[in-house]
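# Per-entry structural report
Okay, here's what each chain looks like letter by letter:
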Amino acid sequence: MIEIRIPQASMEMIEGEIDEWVVEDGATVTEGEIIYQLATDKVVVDIEAPAAGVLRQIGKEGVVYPVGEVIGHIEQ
């Protein structure tokens with residue numbers, strides 16, 4: 001199982017918001033496919049799947065999470 005975490009998009013970033021899950025929970029994804037959009041105080045960034053498998057979402061849209069927080073998994 002591969003963890004999906006909130007990445008640190010800049011040196012100053014300490015938290016980010018899940019703006020939108022682009023792929024639904026339970027869907028099969030390929031490595032490099034955009035799975036969610038991360039909103040910071042400055043930009044919205046497309047985040048890619050780190051591996052292929054089945055996406056299991058934990059994090060909720062509109063919620064702010066600290067950098068490094070696990071917000072989902074990919075089951076291989």
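Keep in mind that what you see is a predicted model, and the values were worked out from it rather than measured.

### Quick word on the overall build of the protein
A tally of helices and strands in the protein yields zero helices and eight strands. Scanning the protein from its N terminus toward the C terminus, one meets helices and strands in the order β-β-β-β-β-β-β-β. Against the 2.2 N^0.38 benchmark of 11 Å for 76 residues, the protein shows a C-alpha radius of gyration of 11 Å, consistent with a compact globule. When the accessible surface of the protein is summed, it comes to about 4,500 Å², and 48% of that surface belongs to carbon and sulfur atoms. Computing the positive centroid from 4 side-chain charges and the negative centroid from 16, the protein places the two 5 Å apart.

### A word on the UniProt feature "domain: Lipoyl-binding" (unreviewed entry) in the protein
Within this numbering scheme, the UniProt entry marks residues 1–75 as carrying the feature "domain: Lipoyl-binding" (unreviewed entry). Measuring from the first to the last C-alpha atom of residues 1–75 gives 5 Å, for a span that is 0% helix and 51% strand.

### Re the pairing of strand 2 (residues 15–21)
In terms of strand pairing, strand 2 meets strand 7 (residues 64–66) through three bridges, oriented antiparallel. Paired with Glu17 across the strands is Val64, a residue of strand 7. In terms of strand pairing, strand 2 meets strand 4 (residues 34–39) through four bridges, oriented antiparallel. The residue bridging Glu17 from the neighbouring strand is Ala39, located in strand 4.

Criteria and cut-off values
- Residues numbered from 1 in each chain as written.
- Predicted model: local features only at pLDDT ≥ 70, side-chain atom pairs only at ≥ 80, totals over all residues.
- Heavy atoms only, no water.
- Helix = DSSP H or I, 4+ residues; strand = E, 2+ residues; numbered from the N terminus.
- Rg over C-alpha atoms; globule rule 2.2 N^0.38 Å.
- Areas by Shrake-Rupley, 256 points an atom, 1.4 Å probe, with all protein chains shown as cover.
- Lys, Arg positive; Asp, Glu negative; His and termini not counted.
- Charge placed at Lys NZ, Arg CZ, Asp CG, Glu CD.
- UniProt positions renumbered as here; feature names shortened; annotations may be inferred.
- Pairing = 2+ DSSP bridges.

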